[in-house]
Amino acid sequence: MNNLDASTPGAPPRHAIDIVNASLKRRYARESRFRLVGLIAVILGLAFVVLLFADIVSKGYTAFQQTYIRLPIALTLEGIDPAGTPDAQALANADYMAPIKAALRQTFPEVTERRELRLLNSMVSVGAADLLREQVMDNPSLIGTTQEIWVLADDDIDMLVKGTIDRDIAQGDRRVKDDMLGWVDRLEKQGRIEKRFNTIFFTHGTSREPELAGIAGALMGSFYTLLLTLALSFPIGVGAALYLEEFAPKNRWTDLIEVNINNLAAVPSIVFGLLGLAVFIGFFGIPRSTPLVAALVMTLMTLPTIIIASRVSLKSVPPSIREAALGVGASPLQTQFHHVLPLALPGMLTGAIIGMARALGESAPLLMIGMIAFIVDVPGGFTDPATVLPVQIYLWADSPERGFVERTSAAIMVLLAFLFLMNLAAVLLRRKFERRW
Amino acid sequence: MNKTLIATAVLLAAGSLSTQAMARDTINIVGSSTVFPFSTAVAETFGRTMGFKTPKVESTGTGGGMKLFCAGVGVDHPDITNASRRMKASEFENCQKAGAKEITEVKIGFDGIAIANSKKAPQLDLTLKDIFLALAKDVPDASGKFVPNPNKTWKDVNSDLPDAKIEVLGPPPTSGTRDAFVELAMEGGCNSIPEIKALKKSDEKMHKAVCGGIREDGAYIEAGENDNLIVQKLASNKNALGIFGYSFLDQNTDKVQGSKIDGVEPTYETISDGSYPVSRSIYFYVKNAHVGTIPGIKQFVAEFTSDKAWGPEGYLADKGLISLPDAERASVAKSAQALEPMSKPE
C-alpha cells in the first residue's frame, strides 16, 4: 500500500467502498435504462395488440348487424290454394321470389321500365326467397294473407346503409346507382329499412353472397375436428408420457425417442399436412376435406405438445406419493392410475387445451388435405366435407365483394373469442386443481 | 374422464365410418383460384335450386387441379377441374393413362387482368412495351446489350408518361394471375422490341428468360395472393400501380381505375370482344366417366352453361365473369350439355 502511494504521489487512497461508490451512479443508471427498455417493449407489444384488435373490431363489428327491408308481402302463391291444407312438397317448391318482387313493385309503383325493375329487384338478396320459404313452411296459415315481412337486403344495399359506400362520388364509379339511393332514402324515411342482429352469420354455412354467408359450417367443421383431435391425441399423448416417464427403461432408445419428440414439437405444421396427404389420403384412402383427416393431421401436430406437457406434470408429482402407494402394496399400474395420474391430470389438461388452441388456429397443414374448399352445407359428421374457421377467414379475405371485408373481421373476432375462452379454461383449470408440494 | 373420452372417441369414429357409404353424392370440383369465384357461385345456386347437394369446390390452382383430376377414375377423384388455361397435352395424356378417357372441355368466358391505380391519380395510358420496359429484369440498352433495368420512373420508360416512381404491386410467382400477366403482358411487350423478337429464333431459352423475368430491385412489389390487399394498398398510395383480376376492379370502381393498355380500357365490353390485350380464356373440364355415378354432374353443367348463369346478364357477370360472344356461347353450351369429349390438345 505504501509503495503504491509512493509511486503515485498525491493520488487518493483507493478503498473498495470508493470504487463501489464511484460506479454506483453508473450502475443505477444502467438498471433504470434496462427497466425503461423493458417497459417500452411491454408498451410497444401492448400497443400493437390494441392496434390489431381495434382494427379488427372496427372493421368487423358492423357484420353482426344486417340490413333488412320491410315489405307488405301478399302471400298468394301460385298453385297453392289458401283454403286447403297444402302439402309440404308443393310448399317447398313454390316460387317465393314472385311475391317479394310484387311487393317491391307495389311499394314503388312508378318503376315500370324493365331495366329499372331489374335494378329494383336487385335490392333484395337472392336468398330472401329461401328465408321467406322457411317462414311460410313454419306457419302455413300465413298463406293468402298480406304480411309486413322483413326481407333480407342485398349486400350492396347493406353496405350503403352501413355507410361503407360513398354517396358523393360519380354514379358510374359507385356500385349503388342513383335510383337505388333514392329508393333506399324513401324506404328509410318510411321506416322500412332496419339493421337487425345478423342471425344468418351464426346459423348458415358460407355463401358467395356476403349477406347469406355465415360461419356455422366452419364452426361445426372446427368443432368436429377439435373433438376428434382431442379424443385421439389426449389418450395417446398421456399414455405415451406415462410410459416414457414411469415405465420405460432409461437407455439409448428412450433417449432417442425423447429427443425426437422434442424435435417434432418444433416441426413446421405444413410438414404434418404433407405427411397427412401422403399417408392418410394417399395410403389409407380417407376422403379429402373431412374433419376425420384434418383431426388425424392435427393429432400428429399436437401430440408432441401434449406428451411434453404431460411428462412435465408427471415429473412434478412428488416421489413420496409413489413410494407410499407402493409401500401399502399397490401394483405399479395401480400406483400410476390411482395416485399419480389424478394428481398430474390438471397439468396434462392444460397442455392439451393449449395444444387444441393451436390446432384451432392452424390452417397451413389443412391446405394440403383439401380443406381450402367452398362448402355450403353445414357438416353433420366426421366424414362430411368441411372447412375450419381459419380457412374460412382466408377464403373470405380473398373474395372480391365488399361485404366480405367486414365478415372476414367478424369471423376473426369469433375465432379470437374461442381462442381466448380456451386459454382462459386452461388458466382456470390450472388455478383450481393445481397442487403445490 | 380418460375412459369416457376413449369410449366416446371409439364410438364416434365407428359411427361415422359406418355411415360413410362407398358412393359419394356430392360433386367434387378442384382447380384454379381464378375460376373459383364463378364455380362456387354456380355450385351454390345449383345446390339451392336443383335439389342436389351443394358441390364441394376446392381451390388448388390450375396445375394442382389437373394433377388431382387426372389421377384416376372413381369416387376418390374429383369430377370437375377448373382451369385458367387450356389443358396441356401432357396432362391430357396423364388423364388417358389413368383411365379418364373422355373429358368434356367447357370454355366459360374470359378473365381480364387489370393494371390499376388510385382514383386520386390520373389514369395511365400504357402500351405493352411500356409495361415490359418498366417491369422487366433485364432490358436491352442502346447497343442491344442486356443490362439490368435502369428505369426508375415512368418518364424513363416513355416520355409521355408522368414523372412518377415505378411502383407496381403484383402477385407472387406462385399465382396463376402472375403467370398470365407474364404470358400476356410481358411477352407481348417484349416481342414489340425487335432485338428481343430476333432472339426468339436464335436463342429461345434466352428469349424466354428475358421476357419472363420480372425485376427484383423493389420496383415490382410482391403483394401476396390477396387481391383485396392490393386494392387497399392502392387506395392509400396514389403513386402505386397494382396488378389483379378484372373482377376486383369491377367491385372497387369507386377506389381504383384500370389503366388503358394499348389505348384500350379494361371494361366488360373490351375484354369480351378481345380488344383488351391482357385477357385470357378460362375453362372447366368434366370427367365423363363419372356422369351417372355421381348424381347431378349433367345438371351442374347445364346450370353453368345456362344463360341465367353465364350469359351477359347472368349472375356470373355480377361476379365479374366476362361472357363468351353469343354465338360461341350457344355452341359451347350445346356441346357441353351433350358432354362431347375433347380431342387431345396441342
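Residues numbered from 1 in each chain as written. Chains lettered and ligands numbered in written order. Predicted model: local features only at pLDDT ≥ 70, side-chain atom pairs only at ≥ 80, totals over all residues. Heavy atoms only, no water.

## Focus: the overall build of chain A
For clarity, the threshold we go by: Only DSSP runs of H or I covering at least 4 residues are called helices, and only runs of E covering at least 2 are called strands; the numbering of each starts at the N terminus. Relative accessible area decides the class of each residue, using a 1.4 Å probe on protein chains only: under 20% of the type maximum gives buried, over 50% gives exposed, and in between gives partly exposed. Accessibility throughout is a Shrake-Rupley quantity obtained with a 1.4 Å probe, and a residue counts as covered only by protein chains that appear here. Here Asp and Glu are counted as negative and Lys and Arg as positive; His is not counted, and neither are the chain ends. For charged residues, the charge sits on one atom: NZ in Lys, CZ in Arg, CG in Asp, CD in Glu.
On a plain count of helices and strands, chain A comes out with 18 helices and four strands. Expressed as lengths along the three principal axes of its C-alpha atoms, the size of chain A is roughly 115 × 75 × 40 Å. Counting all 437 residues of chain A, 46% fall into the buried class. About 22300 Å² of surface is accessible on chain A, with carbon and sulfur atoms providing 63% of the total. Here chain A contributes 40 positive and 41 negative side-chain charges, whose respective centroids are spaced 11 Å apart.

## Here's the deal with the packing of helix 13 (residues 291–315) of chain A against helix 15 (residues 332–360) of chain A
All names here are of chain A. What counts here: Between N-to-C directions, angles cover 0 to 180 degrees, with each direction set by a line fitted to C-alpha atoms, over the stretch in contact for helices. With respect to orientation, any angle under 35 degrees is reported as roughly parallel, any angle over 145 as roughly antiparallel, any angle of 65 to 115 as roughly perpendicular, and every other angle as oblique. Two helices that cross are described as forming a left-handed crossing if the nearer one is turned anticlockwise from the farther one by less than a right angle, and a right-handed crossing if clockwise. By definition in these notes, contact holds between two residues if any of their heavy atoms fall within 4.5 Å. As a working rule, the residues Ala, Val, Leu, Ile, Met, Phe, Trp, Tyr, Cys and Pro are called nonpolar, Asp, Glu, Lys and Arg charged, and the rest polar, with Gly in that last group.
Contact geometry for helix 13 and helix 15: axes closest at 8 Å, N-to-C directions at 150 degrees. Classified by the angle their axes make, helix 13 and helix 15 are roughly antiparallel. Crossing of helix 13 over helix 15 shows right-handed handedness. Across the interface between the two elements, Met 298, Met 301, Thr 302, Thr 305, Ile 306, Ala 309, Ser 310, Ser 313 and Leu 314 of helix 13 pack against Val 340, Ala 344, Gly 347, Met 348, Gly 351, Ala 352, Gly 355, Met 356, Arg 358 and Ala 359 of helix 15. Broken down by class, the residue content of the contact of helix 13 with helix 15 amounts to 11 nonpolar, seven polar and one charged.

## Structural notes on the pattern of salt bridges
Between side chains of opposite charge, pairing is possible as soon as their charged atoms come close. So the rule is basically this: Counted as salt bridges are all cases of a side-chain nitrogen of Lys or Arg within 4 Å of a carboxyl oxygen of Asp or Glu.
Applying the stated criterion to the full structure yields 37 salt bridges over all chains. The salt bridge involving Glu 91 of chain B is made with Arg 85 of chain B; its shortest N-O contact spans 3.0 Å. Given a relative accessible area of 11%, Glu 91 of chain B falls into the buried group. A relative accessible area of 26% means that Arg 85 of chain B is categorised as partly exposed. One salt bridge in this structure joins Glu 303 of chain B and Lys 308 of chain B, with 3.1 Å as the shortest N-O distance. Glu 303 of chain B gets classed as buried once you look at its relative accessible area, which sits at 4%. Salt bridges sharing partners connect three or more residues here, namely Asp 130 and Arg 133 of chain A together with Glu 44 and Arg 48 of chain B.

## Quick notes on unusual backbone geometry
Excluding glycine, residues mostly carry a negative phi; peptide bonds, for their part, are mostly trans. Its identity is not glycine, yet Ser 289 of chain A carries a phi of approximately 50 degrees, on the positive side. When you line up the elements, Ser 289 of chain A lands in the loop between helix 12 (269–283) and helix 13. Backbone geometry at Asp 262 of chain B places phi at a positive 50 degrees, although glycine is not the residue there. One can find Asp 262 of chain B in the loop between strand 12 (260–261) and helix 12 (268–272). With a relative accessible area of 42%, Asp 262 of chain B lands in the partly exposed category.

## So, the confidence of the model for chain B
Rules: Confidence of the predictor at the level of single residues is given by pLDDT, which spans 0 to 100.
Predicted confidence across chain B gives a mean pLDDT of 85, with 93% of residues reaching 70 or more. Confidence drops under pLDDT 50 across residues 14–21 of chain B; counting only partners more than four residues distant or on other chains, this segment forms five contacts.

## With respect to the packing of helix 5 (residues 128–135) of chain B against helix 7 (residues 176–190) of chain B
All names here are of chain B. In contact at an axis separation of 7 Å, helix 5 and helix 7 are set at 100 degrees when each is read in the N-to-C sense. With respect to helix 7, the element helix 5 is oriented roughly perpendicular. Residues Leu 128, Lys 129, Ile 131, Phe 132 and Leu 135 of helix 5 lie in contact with helix 7, whose contacting residues are Phe 181, Leu 184, Ala 185, Met 186, Gly 188, Gly 189 and Cys 190. Split into classes, the residues belonging to the contact of helix 5 with helix 7 amount to nine nonpolar, two polar and one charged.

## Here's the deal with the nonpolar core
Threshold: Joining through side-chain atoms within 4.5 Å is the link that ties buried Ala, Val, Leu, Ile, Met, Phe, Trp, Tyr and Cys residues into a set, and such a set is a nonpolar core.
Ranked by size, the top nonpolar core spans 135 residues in total, and within it Ile 131, Phe 132, Leu 135, Phe 181 and Leu 316 of chain B carry the most contacts. Among the elements that make up this core, the one with the highest residue count is helix 18 (residues 403–433) of chain A (10 residues). Setting aside residues no more than four positions away along its own chain, Phe 132 of chain B makes contact with Asp 138, Val 139, Met 186, Gly 189, Cys 190, Ile 193, Ile 196, Val 210 and Cys 211 of chain B. Ranked by size, the runner-up nonpolar core spans 40 residues in total, among them Phe 108, Met 159, Leu 160 and Val 161 of chain A.

## Notes on the state of the cysteines
All names here are of chain B. Definition in use: A pair of cysteine sulfur atoms is labelled a disulfide when the two atoms are within 2.5 Å.
Tallying each qualifying case throughout the model produces two disulfides over all chains. Here Cys 70 connects covalently by a disulfide to Cys 95, the sulfurs 2.0 Å from one another. Disulfide Cys 70-Cys 95: the torsion about the S-S bond is -80 degrees, which places it as left-handed. Of the two residues, Cys 70 sits in the loop between helix 3 (62–69) and strand 3 (80–83) while Cys 95 sits in helix 4 (residues 89–98), which places them 25 residues apart along the sequence. Like Cys 70, the residue Cys 95 is buried in the burial classification. Each sulfur of the disulfide joining Cys 190 and Cys 211 lies 1.8 Å from the other.

## Some remarks on the side chain of Thr 104 of chain B
Residues and elements named next belong to chain B. Threshold: Here a polar contact means two N or O atoms within 3.5 Å. Within protein one must be a hydrogen donor candidate and the other an acceptor candidate, and residues neighboring in sequence count only if both atoms are side-chain atoms.
You can see Thr 104 is positioned in strand 4 (residues 103–118). Looking at Thr 104, its side chain comes within polar contact range of the side chain of Asn 288, at 2.6 Å. Residues contacting Thr 104, with those up to four places away along its chain left out, are Phe 284, Tyr 285, Val 286, Asn 288, Ser 335, Ala 336, Leu 339, Glu 340 and Pro 341.

## Thoughts on the domain arrangement of chain A
Residues and elements named next belong to chain A. Stated formally: Residue ranges for the domains trace back to a domain assignment, done automatically or taken from a database. Here's the idea: put two parts together, see how much 1.4 Å probe accessible area each one loses, and the total over both is what we call buried area.
Each assigned domain of chain A is listed here: domain 1 (2–60), domain 2 (65–209) and domain 3 (216–433). Put simply, the middle of domain 1 and the middle of domain 3, counted by C-alpha atoms, are 43 Å apart. The partner domain 3 presents seven residues to the five residues of domain 1 that form the contact. Both faces combined, the contact of domain 1 with domain 3 buries some 490 Å², and carbon together with sulfur accounts for 81% of it. For the pair domain 1 and domain 3, the interface holds zero salt bridges. Our count for the domain 1 to domain 3 interface comes out at zero residue pairs in polar contact (both at pLDDT 80 or more). Within the side of domain 1 that touches domain 3, the residues separate by chemical class into three nonpolar, one polar and one charged.

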